[in-house]
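For reference, the chains in residue letters:
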Amino acid sequence: MMLLLAQVESQPFFRWDWVFRNLDDIWDRTVEHVMLTLIAVTVGFVISLGLSLVAIRWRRAYSPITWATGIMYTIPSLALFAFLLPITGLSVLTAEIGLVSYTLLILIRNIVAGVDGVPPDVLESATGMGYTARRRFLEIELPLALPVIIAGIRIASVTVIGLVTVTALIGFGGYGFFILRGLGLFYSSIGTTQIIVGTVLSVTLAVSVDLGLAATERALTPWARKKVPA
Amino acid sequence: MIEFLGEVAAWFTDPANWTGINGIPNRMWEHIQMSAAATTAAALVAIPPAVYLAHHRRGGVLAVASVNVARAVPSFAIVAVFLPISIRLGLGLGFWPTFLALFFLAVPPIFTNSYTGVAGVDPALTEAARGMGMTDGQVLRRIEVPVASPLIIAALRVATVQVIATATLAALVAWGGLGRYIIDGFATQDSVEVFAGGLLVAALALATDAVFSIVERRITPRGTGTAADDVTRVAA
Amino acid sequence: MIELSHVSKTYPGTIAPAVGDLSLAVPAGETVVLVGPSGCGKTTTLKMINRLIEPTSGTITVGGRNVFDIAAHDLRREIGYVIQQIGLFPHRTIADNIATVPRLLGWDKQRTTRRVAELTELVDLDEEMLPRYPAELSGGQRQRVGVARALAADPPVLLMDEPFGAVDPIVRARLQDELVDLQARLRKTIVLVTHDIDEAIKLGDRVAILDVGGVLEQYAPPADLLRDPANEFVADFLGSDRGIKRLSLIPVSSVELIDGPVLGQGASRDDAEAMMRRFEIDWVAVGGDGTLAGWLGRDDLAGRDDISGITLRPFRTRLDVTDSLKEALDAVISSHTAVAAVFERDRYVGMITTEAISREIVQ
């Protein structure tokens with residue numbers, strides 16, 4: 001043990017040579033990370049949108065829905081994967097089911113809050129002018145709820161990007177793969193390098209996605225920025 | 001499936017799993033102890049400055065930024081990063097990297113939500129209090145903190161659950177806790193142990209959440225609104 | 001044009017109806033104002049016309065058609081609807097907001113654009129506003145957009161629920177005037193709800209005074225209401241200054257004017273004093289040939305032989321023949337001369353006295 005620790009002291013902290021030798025691997029893991037995230041957030045959004053519509057139409061359903069998704073949210077991801085393993089095995093499905101279940105609470109809350117936040121006079125004038133319920137939802141309520149909804153998507157995305165790393169334990173992981181491997185080699189600088197690479201890339205991806213979504217929101221809602229009365 | 005659940009039940013009824021270092025009581029206790037220690041330490045460090053800054057209406061940007069930045073760092077990464085750090089600091093494996101990681105994990109949400117709680121106290125209340133002649137300190141102690149206390153408890157609730165969840169990963173840095181069952185189970189391909197571990201961790205997390213919720217509701221001063229539900233980081 | 005027949009609305013869980021057995025007919029091309037205290041069901045009644053609230057019983061017809069015979073959203077596309085907070089769509093430009101109903105009806109782009117331009121002019125809105133968003137407009141401008149939007153598909157009927165309640169009194173007065181002008185041009189059938197009796201009198205061709213529960217106390221043109229309130233409730237609601245309110249409906253031109261104590265520019269001091277004695281006043285006006293230069297008081301005559309060198313005082317208010325007697329009364333009361341000069345455009349036509357005004361009230 002002391003020998004191992006002594007080795008750690010003597011090696012350089014970060015091994016750039018490792019990075020350059022493994023660029024292909026890093027790229028593969030990037031693709032894996034992005035794909036897992038994309039699928040999880042998209043599927044999560046579709047499910048959340050459906051459940052939100054139910055909750056909006058039948059207000060009494062909102063409490064049970066948030067209760068159920070809240071439980072899924074509170075259960076640690078590792079535990080959730082542990083439950084899914086005997087059922088769906090070491091597959092992408094296991095990973096995705098786990099990841100998707102963490103997005104539901106956030107997305108449902110934000111979709112419902114966004115729609116609820118539409119001013120009632122806007123809704124009344126829309127109905128009064130002859131909008132059908134369906135068109136009103138698609139043309140008036142959803143677009144006006146967009147800022148809050150996108151805020152939810154941002155949080156969900158960043159959260160999922162973090163959780164994807166945990167899927168390293170069931171054979172995936174994206175950048176988490178490097179973190180896990182780095183842990184196994186903790187006594188060497190290659191180990192620490194991989195931990196750092198995995199971490200930095202994860203954070204970079206999360207920040208980029210967050211900023212990208214923020215920019216998308218700004219582009220989609222030009223009306224939200226104009227404020228000065230003429 | 002039924003067969004599998006039967007095996008899991010058998011695991012739970014096997015007395016061997018209830019004794020010794022790797023027994024459920026020990027692992028559960030380890031897990032609870034560590035989570036409590038890390039969260040308490042984080043609370044002691046994060047709550048006072050949060051309350052102080054919020055009272056003086058300073059540092060709002062820091063409050064918002066800290067959670068947003070922290071959310072971008074995966075919990076798994078935080079645990080992993082502290083291993084080499086701990087070693088270089090001469091603190092070794094097991095306890096220290098786990099404790100430090102969980103500590104730094106818990107600080108941002110506790111800080112931000114405590115700040116938001118105090119800053120969000122209805123200004124009409126503080127104005128009225130000052131108008132009645134209360135000193136700054138009195139306003140803080142008698143108005144702001146009590147009114148914000150449900151939100152501070154909520155902050156602790158969210159942070160503790162995250163800590164409990166992340167602690168399950170700490171088995172990877174040679175620590176114990178309930179994550180031991182899951183990680184060891186993965187290594188030995190013992191899906192029963194994995195599942196059982198999952199149940200224990202989930203139970204602990206849900207129970208903790210429930211207890212905190214009850215406390216939240218109890219200490220909500222009568223007449224004030226609902227507690228906050230700010231979720232910042234997901235359980236790892 | 002619009003007929004309500006034994007319409008009532010009772011909300012589930014309540015015993016007393018919000019509106020109970022109301023029958024009302026709105027003639028085509030007229031503005032009918034529903035007014036009354038809180039709880040009289042005026043807004044409920046209005047909203048039953050376009051089925052935003054469904055009546056519990058009774059029938060409503062618009063243009064001879066039963067409102068229940070067509071789908072609610074189709075009905076509403078043929079009725080203009082303006083509410084107090086307007087409810088402009090924040091995420092759409094002003095042009096798109098105005099074009100809402102035409103789009104719902106499937107008009108082609110060209111026709112829609114032309115109509116939007118027409119309406120912009122009609123409500124006196126600056127073209128520049130069209131590509132802007134509602135958040136960039138002032139309250140008064142938004143109100144105008146709201147009206148334009150309601151008129152976009154040229155509906156025969158317009159429903160307005162406290163449309164001017166959310167703006168300050170100065171803007172409100174201007175918007176009311178603009179509505180009156182608009183109505184003179186378009187002759188739509190308008191049903192307007194307000195809690196302000198003065199607004200009702202100003203805007204309505206007919207006014208329906210409702211009591212709690214949708215009880216119709218009186219339904220008549222404003223002048224009739226003011227002259228002969230049907231009962232104590234109506235009289236109270238009209239206010240104790242009923243007589244003066246009536247004055248706001250009568251133009252100066254319908255009252256007899258006097259020539260007034262007017263002297264020519266070259267009059268002598270004796271002429272002036274004779275005029276003052278004749279009218280029993282201490283001043284004279286100076287002018288002639290349809291113009292009025294001003295007036296002078298007895299003190300101004302001191303030490304002079306004629307009036308030519310005296311600096312004349314201007315009349316504080318000049319009334320036009322189209323002004324109301326209420327404005328005339330205000331002018332007369334606040335002037336030293338106890339009369340007001342009346343002009344038809346720029347031509348002096350006479351003076352109005354308090355006697356003439358009070359004769360109208362008493363009639």
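The model shown is predicted, which means the values in this text are computed figures rather than measured ones.

Along chain C, the regular secondary structure elements total 14 helices and 16 strands. Oriented by its inertia axes, the alpha-carbon framework of chain C measures out at about 85 × 50 × 30 Å.

The parts lose accessible area when they come together, and the size of an interface is often stated as this lost area. Each partner contributes residues to the interface: chain A has 37 residues there, and chain B has 37 residues. Of all elements in the fold, only helix 1 (2–10), helix 4 (62–74), helix 5 (77–88), helix 6 (92–116), helix 8 (133–164), helix 9 (176–184) and helix 10 (189–220) of chain A reach the threshold of two or more residues within the side of chain A that touches chain B. Ranked by the residues each element gives to the side of chain A that touches chain B, the list is headed by helix 10 of chain A, at nine residues. A breakdown of the residues in the side of chain A that touches chain B according to their chemical character gives 25 nonpolar, 11 polar and one charged.

Below, the discussion takes up the sheet that holds strand 13 (residues 291–297) of chain C. Residue and element names in this part refer to chain C. The mixed open sheet is built from three strands, whose spatial order is 11-12-13. With partners counted over all chains shown, the strands left at the sheet margins are strand 11 (262–263) and strand 13, one partner each. Summarising the sheet, strand 11 and strand 12 (residues 283–288) pair through two bridges and their orientation is parallel. The residue bridging Leu 263 from the neighbouring strand is Val 286, located in strand 12.

So, about the pairing of strand 15 (residues 339–344) of chain C. Residues and elements named next belong to chain C. Of the strand pairs in this sheet, strand 14 (residues 318–320) and strand 15 are connected by three bridges, and their pairing is parallel. The residue bridging Leu 319 from the neighbouring strand is Val 342, located in strand 15. Inspection of the sheet shows strand 15 paired to strand 16 (residues 347–353) by six bridges, in the antiparallel sense. If you follow Phe 343 over to strand 16, its bridge partner there is Tyr 348. The hairpin turn running from strand 15 into strand 16, its antiparallel successor, is two residues long, and Arg 345 in that turn takes a positive phi close to 55°.

Before going further, it helps to examine the domain arrangement of chain C. Domain parsing of chain C yields domain 1 (2–241) and domain 2 (252–362). Here the C-alpha centre of domain 2 of chain C lies 44 Å away from the C-alpha centre of domain 1 of chain C.

The next point concerns unusual backbone geometry. All names here are of chain C. At Ile 86, a position not held by glycine, the phi torsion is positive, near 65°. One can find Ile 86 in the loop between strand 6 (79–83) and helix 3 (94–98). Note on Ile 86: 22 C-beta atoms within 10 Å, which makes it buried.

The next thing to look at is the sheet that holds strand 14 of chain C. Residues and elements named next belong to chain C. Read from one edge to the other, the open sheet built from three strands follows the order 14-15-16, with strand pairing classed as mixed. The sheet terminates laterally at strand 14 and strand 16, the two strands that pair on one side only. Going across the sheet, the axis of each strand differs from the next one's by a mean of 40°, ignoring polarity. Docked against the sheet, helix 13 (residues 325–333) engages strand 14, strand 15 and strand 16, running at close to 135° with respect to strand 15.

This part is about the nonpolar core. Formed by 203 residues in total, the largest nonpolar core has its most connected members in A:Ile179, B:Val79, B:Leu102, B:Ala106, B:Ile110 and C:Val191. When residues in this core are grouped by element, the largest group, 15 residues, is from helix 7 (residues 136–167) of chain B. Ignoring any residue separated from it by four or fewer positions in sequence, one finds B:Ile110 in contact with B:Ala42, B:Ala43, B:Ala46, B:Ile47, B:Ala155, B:Leu156 and B:Ala159.

Residues and elements named next belong to chain C. With respect to burial, strand 6 is a largely interior element, five of its five residues being buried. Of the two faces of strand 6, the one carrying Ile 79, Tyr 81 and Ile 83 and the one carrying Gly 80 and Val 82 are both buried. Where strand 6 and strand 7 (residues 157–161) come together, five bridges link them in parallel fashion. Bridging from a neighbouring strand, Ile 79 pairs with Val 157 of strand 7.

The interface of chain C with chain A comprises 23 residues on the first partner and 19 residues on the second. Put simply, the parts of the chain that give the side of chain C that touches chain A at least two residues each are helix 2 (72–77), strand 6 and helix 4 (100–105) of chain C. The element best represented in the side of chain C that touches chain A is helix 2 of chain C, accounting for four residues. Here the side of chain C that touches chain A is composed, by residue class, of 11 nonpolar, eight polar and four charged.

Taking 1.5 Å of rise per residue, the 12 residues of helix 1 (residues 2–13) of chain B would be expected to cover 16 Å, and the 16 Å separating its terminal C-alpha atoms lies within 8% of that figure. Sparse coverage of helix 1 of chain B is indicated by the burial of zero of its 12 residues.

Before going further, it helps to examine the packing of helix 6 of chain A against helix 8 of chain A. All names here are of chain A. Here helix 6 crosses helix 8 at 160°, and the two axes come no closer than 8 Å. Between helix 6 and helix 8, the angle falls in the class roughly antiparallel. In the crossing of helix 6 with helix 8, the sense of the turn from one axis to the other is right-handed. A per-class count over the contact of helix 6 with helix 8 returns 17 nonpolar, five polar and two charged.

This part is about the environment of C:Ile244. All names here are of chain C. Mapping Ile 244 onto the fold places it in helix 11 (residues 242–247). By C-beta crowding, Ile 244 is classed as partly exposed, having 16 other C-beta atoms within 10 Å. Each C-alpha atom of the pair Ile 244 and Thr 93 lies 45 Å from the other, and the pair is 151 residues apart in sequence.

All names here are of chain C. Tracing the chain through its elements places Arg 318 in strand 14. Owing to 15 C-beta atoms within 10 Å, Arg 318 belongs among the partly exposed residues under this scheme. Residues in contact with Arg 318, not counting those within four places in the same chain, are Ala 341 and Phe 343.

Basis of the calculations
- Residues numbered from 1 in each chain as written.
- Chains lettered and ligands numbered in written order.
- Predicted model: local features only at pLDDT ≥ 70, side-chain atom pairs only at ≥ 80, totals over all residues.
- Helix = DSSP H or I, 4+ residues; strand = E, 2+ residues; numbered from the N terminus.
- Contact = placed C-beta atoms within 7 Å.
- Nonpolar A, V, L, I, M, F, W, Y, C, P; charged D, E, K, R; others polar.
- Pairing = 2+ DSSP bridges.
- Domains from an automatic or database assignment.
- Buried ≥ 20, exposed ≤ 12 C-beta atoms within 10 Å, placed from the backbone.
- Axes fitted to C-alpha atoms, helices over the stretch in contact; angles between N-to-C directions.
- Core = buried A, V, L, I, M, F, W, Y, C linked by C-beta atoms within 7 Å.
- Expected span 1.5 Å × (residues − 1).
- Parallel < 35°, antiparallel > 145°, perpendicular 65-115°, else oblique.
- Left-handed = near helix turned anticlockwise from the far one by under 90°.

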